[in-house]
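# Observations on chain architecture
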Amino acid sequence: MAKNLSQFHQLFFDEARDHLAAMERLLLDLDPAAPDAEELNAIFRAAHSVKGGAATFGFADIAAFTHKLENILDGIRKGERQLRSEMIDVFLASGDALLGLVEHHQHGSEAGAERIAALGAQLDALTNGDAGMPPRPGEQAAESAPLEDESFGLFEATTDPAAEDDSFGLFEATAYPAAEDDSFGLFEPTEAAPGRAFAHSGIAGEVDDSFGLFDTPSEASPPQPLPGADGVPAAVSPGSARAPVNAAEEAAQARAPRRKTGGENDNSIRVGIEKVDLLINLVGELVITQSMLAQGMAALDASAHENLLNSMTQLMRNTRDLQEATMSMRMIPMNAVFSRFQRLVRDLSAKLGKKVDLRISGEQTELDKTLVEKLADPLTHLVRNSIDHGIETAERRLAQGKSETGLVRLHACHQGGAIVIEVSDDGAGLNRERILAKAAERGIPVDANASDAQVWDLIFAPGFSTAAEVTDVSGRGVGMDVVKRNIQSLGGRVEIRSEAGQGTRITIRLPLTLAILDGMSVAVGEEVFVLPLAAISESMQPQQGALRTIGGHDEVVEVRGAYLPVVKLHQVLNIPARSHGVQDSILVLLDDGKRRIALSVDALIGQQQFVIKSLETNFRRTEGFSGATILGDGRVAFILDTDALVQHATRH
Amino acid sequence: MKTILAVDDSPSIRQLVTHTLKDAGYAVIEAANGVEGLAKAKGSQVQLVLTDQNMPQMDGMTMIKNIRGLVQHRSTPILVLTTETSDAMKAQGKAAGATGWLVKPFDPVKLVAVVQKLIG
Amino acid sequence: METAFDNSAIAGSAREFLTFTLGREEYGIDILKVQEIRGYDAVTHIANTPEFIRGVINLRGHIVPIVDLRIRFGLSEPRYDAFTVVIILNIGTRIVGIVVDSVSDVMTLRAEQIRPAPEFSSTLGTEYLLGLGALEDRMVILVDIACLLEGPEMGLSNPETAIQSEVATA
């Protein structure tokens, strides 16, 4: 009977990823000089769990590799080996390699056999290279045949070694009324244990036994160690350090429930994101139905239908709460993306020979899962930039009277309905002259009197790179323009502040979720459109005399001394308008962070939250629109892509 | 129907064990760590305990010692499902009161055979 | 190429087709692709799109594009009234609605009742035809509606996905 294990594979892959992520986090937290016993235990457990699962589900390569890792980790947690910081590097790389193997089995990607082999050799070297620490008995043999499923149980040693039946040990055992007999001591006299260890260590080591039965304890025995047990620790670790380590281990275990390491899922369930999205969609429908009802009831006589209207108010409150609660299910802490940067900073600063500390704050700030995932790449780029271009070398920093170690900060917080994420460094700051020179070189027109902010914005221009040469760290074919585009595509904005010699701070402002938009609905002709509130700076009726024309037809409006181009929405969309000319319309001032335009519409309808629907699910991307929504009357309305509108205006 | 308590911190292995044993006609109660395992052993009629060794909060051995301290479980068979088969582990297991061990990766057929031998 | 008639595409014994009219012609599409039939109502126009893309509707929370095949193939004068019919289709993972003059019925055709479409140039490229269905004195033009709607000239998908489906159907 061959069990089909593939049905459990998905669960194993998820689990392995969780364990590897936990292992990485713990390794990065670890202080090589004074490792925390509890953390060492947790790291070991993570590796151990990966190995157990991999072996069970038949991923021999993962199991074999993890076995090597686990061996060393076990030695370290038991105090038999000294932890060194270069070991952490190897462990981290091993975690990556294992992740690669998981990917390989799950998605058929490249397994990275060479890397595995090289790391395996490094792990072996670490295992064997510990002078003064004798290898654990059987360790060598175990590594050569870590997964051997030969089973000759506890009892086979004393019986016919030729018997190869897997179940032999058990049958032998149960031939005696073992399980029922409290006092039986027939199998394997305990004194034989050390002898057996010697006898086998040279052959198949410790992993020879597939299963076996212990003799059951006498009733009174449980907490008492059997006499034979005394000899066992001696065989494992002759060191006298064992007792204190054990104490530390026990202390760690006592603490474990309070400070959970890698076990955050105790009180959570894993649900597919599509189920959550379905729920959010359904709640969105409910909100629409509710507002349709409310609209229909608005005409009712309030005094005659008091109860009904009260219930309606209650329903409105309930649906709003329900919507908020369901939306919150998509929210995850920023830590999900921040946590990967310790590793990045560590690797990158080592590679560049710089000293860099990463300080993370606000990592508990919650954000829509989709946004968190999409932020990973832009943030990685910004952090790389900070370390590569921002932070100076240690010598240079010292020469400038700064501390030798540079500081990169990642910070997140909520501000109103938005999340603000900052990547800052205390490095050299942006270089105005270099940026201007580069812009000139690239043929990007710049006003010589441009403000610093305008100059900094140049680095977001396509193809622009402030690095004198493209290093293999930052120059990966994506520039800051891609970062900015990515952030904008999420409905966000990027701002730069920089001070020469003091450092640079890049601020990203994003909506909390991609599913709900705070918007203003506007009317043009017979149609309704939605503008994101975040892009609107104000709206106004044009003052008499504030409108001017340039070149006969391009209109501009004067707003407190500034002339803004007027964009007629009906013209952009090729639809008839109700108003006769701009004078008669409403102007909505839109701001993309750099430029401002005045969008003329027929009327403002109202401000509310809109459930964002993708146009691409059943249709395609459509220029000028960032999505669609469903209005209170059940009709579809388009959400205007304000950045495109601003660009459209400044292009013409 | 005979009931087995399966204790393992890995959901995938727990699921596999449960699936295997249920197929063989046993009822299975699951626990994710030693603390939970002990609580369930106290509160339920279980005829056999199958446990992992390395688990957060309370490891297998500690749990076994504690289960053995319960009057109703003095002679309940307890199997350790473990990747570790050192003699040290065996001595520890025996000292803690385990009935036997089974190595991971386990063969489902063998698991059922062992369980059948112990509780029928 | 001998024939555009792809036996494998309609292999098996009998298949059911939903038939509808465009002008004076009768068309048939695979019934399994049809989700529902509804009236023409509350369509939101999409700025700067070809006239045959009428717009989008809210179909129980889904934003569904509506294509008027009458305009696309110039087979009849489009009228939008209480009798205008929209067939909602499931094309792969997408939902698309098509406007037709009227829906006739569901007919079952066995393989031998499906003739290869002659090779000639028509508004509807032969590559979108499964064949011609013959039932008594009726001739039904059997359309591979998925292929047709996902084709590049419909402009219903993002350009890159349109290219992909072209490759897939090539």
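What you are looking at is a predicted structure, and each value in this text was computed from that prediction instead of being measured. Residue positions are given per chain, counting from 1 as you read along its sequence in written order. Each chain is given a letter, starting from A, and each ligand a number, starting from 1, according to the order in which they appear as written. Local features in this predicted model are restricted to residues of pLDDT 70 or higher, and side-chain atom pairs are both shown and tallied only at a pLDDT of 80 or more, whereas totals for entire chains, interfaces and linings draw on every residue.

### Some remarks on the overall build of chain A
The cut-off we apply is this: Note on conventions: DSSP H or I runs of at least 4 residues are helices, E runs of at least 2 residues are strands, and numbering of each starts at the N terminus. Any residue with 12 or fewer other C-beta atoms within 10 Å of its own C-beta is exposed, any with 20 or more is buried, and the rest are partly exposed; the C-beta atoms used are placed from the backbone. Two residues qualify as a contact pair if the distance between their C-beta atoms, derived from the backbone, is within 7 Å.
When helices and strands are tallied, chain A shows 21 helices and 19 strands. Expressed as a percentage of its 652 residues, the buried residues of chain A come to 37%. In chain A, the share of contacts with a sequence separation of at least 24, taken over all contacts with a separation of at least 6, comes to 69%.

### Here's the deal with the sheet that holds strand β6 (residues 85–91) of chain C
Residues and elements named next belong to chain C. Here is the rule: Pairs of strands are assigned from DSSP output, requiring at least two bridges between the strands. All axes here are fitted lines through C-alpha atoms, helices being fitted over the stretch that makes contact, and every angle between N-to-C directions spans 0 to 180 degrees.
An order of β3-β6-β7-β5-β4 is seen for the five strands of this open sheet, with the pairing classed as mixed. Because the sheet does not close on itself, it has two edges, and the strands there are β3 (34–39) and β4 (53–59). In this sheet, neighbouring strand axes are inclined to one another by 30° on average, regardless of whether the strands run parallel or antiparallel. Direction of pairing for β6 relative to strand β7 (residues 94–100): antiparallel, over a ladder of seven bridges. Each residue of the ladder has a partner; that of Leu 89, found in β7, is Val 96.

### Describing the confidence of the model for chain A
Residues and elements named next belong to chain A. Put simply, the test is: One confidence number per residue, pLDDT, is output by the predictor and ranges from 0 to 100.
Per-residue pLDDT for chain A has a mean of 74; in total, 75% of the residues score no lower than 70. The spread of mean pLDDT over the elements of chain A runs between helix α7 (residues 168–175), the lowest at 31, and strand β19 (residues 636–640), the highest at 93. Considering only residues more than four positions removed or in separate chains, one finds that residues 131–209, a stretch of pLDDT under 50, has 130 contacts. Considering only residues more than four positions removed or in separate chains, one finds that residues 216–265, a stretch of pLDDT under 50, has 71 contacts.

### Quick notes on the interface of chain C and chain A
This is how the line gets drawn: Residue classes follow a fixed rule: Ala, Val, Leu, Ile, Met, Phe, Trp, Tyr, Cys and Pro count as nonpolar, while Asp, Glu, Lys and Arg count as charged, and any other residue, Gly among them, counts as polar.
The partner chain A presents 24 residues to the 20 residues of chain C that form the contact. Looking at the side of chain C that touches chain A, the elements that each hand over two or more residues are β4, β5 (62–68) and β7 of chain C. Here the element with the most residues in the side of chain C that touches chain A is β5(C); it accounts for four residues. Considering only residue class, the side of chain C that touches chain A consists of eleven nonpolar, eight polar and one charged.

### Some details on the sheet that holds strand β8 (residues 503–511) of chain A
All names here are of chain A. Spatially, β3-β5-β6-β8-β7 is the arrangement adopted by the five strands of the open sheet, whose pairing is mixed. Of all strands in the sheet, those with a lone pairing partner are β3 (356–361) and β7 (493–499), marking the two edges. Strand-to-strand twist of the sheet, defined as the mean angle between neighbouring strand axes without regard to direction, takes the value 15°. Summarising the sheet, strand β6 (residues 418–425) and β8 pair through eight bridges and their orientation is antiparallel. Within the sheet, the bridge partner assigned to Val 423 lies in β8 and is Ile 506.

### A word on the pairing of β6(C)
Residues and elements named next belong to chain C. As defined by bridge partners, β3 adjoins β6 across five bridges and the pair is classed as antiparallel. Counted as the bridge partner of Gly 39 is Val 85 from β6. Where β6 hands over to β7, the hairpin turn is made up of two residues, of which Gly 92 adopts a positive phi near 60°.

### With respect to the confidence of the model for chain C
Residues and elements named next belong to chain C. Per-residue confidence for chain C gives a mean pLDDT of 79, with 82% of residues at or over 70. Looking at the elements of chain C, mean pLDDT is at its lowest for helix α3 (residues 159–169), recorded as 40, and at its highest for β7, recorded as 93. Here residues 1–11 scores under 50 on pLDDT; set against residues more than four positions off or in separate chains, the count is 15 contacts. Low confidence marks residues 161–170, where pLDDT is under 50. Its contacts with residues over four positions away, or in another chain, come to five contacts. Per the prediction output, this complex has pTM 0.47; the corresponding ipTM is 0.81.

### Thoughts on the packing of helix α1 (residues 9–29) of chain A against helix α2 (residues 37–56) of chain A
All names here are of chain A. This is how it is decided: Roughly parallel here means an angle under 35 degrees, roughly antiparallel means over 145, roughly perpendicular means 65 to 115, and every remaining angle is called oblique. Should the near helix be turned anticlockwise from the far one by less than a right angle, the crossing is left-handed, and should it be turned clockwise, the crossing is right-handed.
The N-to-C vectors of α1 and α2 enclose an angle of 155°; their axes lie 9 Å apart at closest approach. Considering their axes alone, α1 and α2 lie roughly antiparallel with respect to each other. Considering only the axes of α1 and α2, their crossing is left-handed. Residues Phe 12, Glu 15, Ala 16, His 19, Leu 20, Ala 22, Met 23, Leu 26, Leu 27 and Asp 29 of α1 form the contact with α2, whose participating residues are Glu 39, Ala 42, Ile 43, Ala 46, Ala 47, Ser 49, Val 50 and Gly 53. Grouping the constituent residues of the contact of α1 with α2 by class yields twelve nonpolar, three polar and three charged.

### Overview of the nonpolar core
Put simply, the test is: Buried Ala, Val, Leu, Ile, Met, Phe, Trp, Tyr and Cys residues form a nonpolar core when they are connected through C-beta atoms within 7 Å.
Grouped together as the largest cluster of nonpolar side chains are 85 residues, with contacts concentrated most on A:Leu599 and C:Val143. Counting 78 residues, the second-largest nonpolar core is a separate cluster that includes A:Leu30, A:Leu83, A:Met87 and B:Leu102.

### Things to note about helix α3 (residues 60–68) of chain B
Residue and element names in this part refer to chain B. Counted residue by residue, α3 has seven buried out of nine residues, so it is predominantly covered. Of all the positions in α3, only Gly 60, Met 61, Met 63, Ile 64, Asn 66, Ile 67 and Arg 68 are classed as buried. For α3, the elements touching its buried residues are β1 (3–7), α2 (34–43), β3 (48–52), β4 (78–82) and α4 (87–96).

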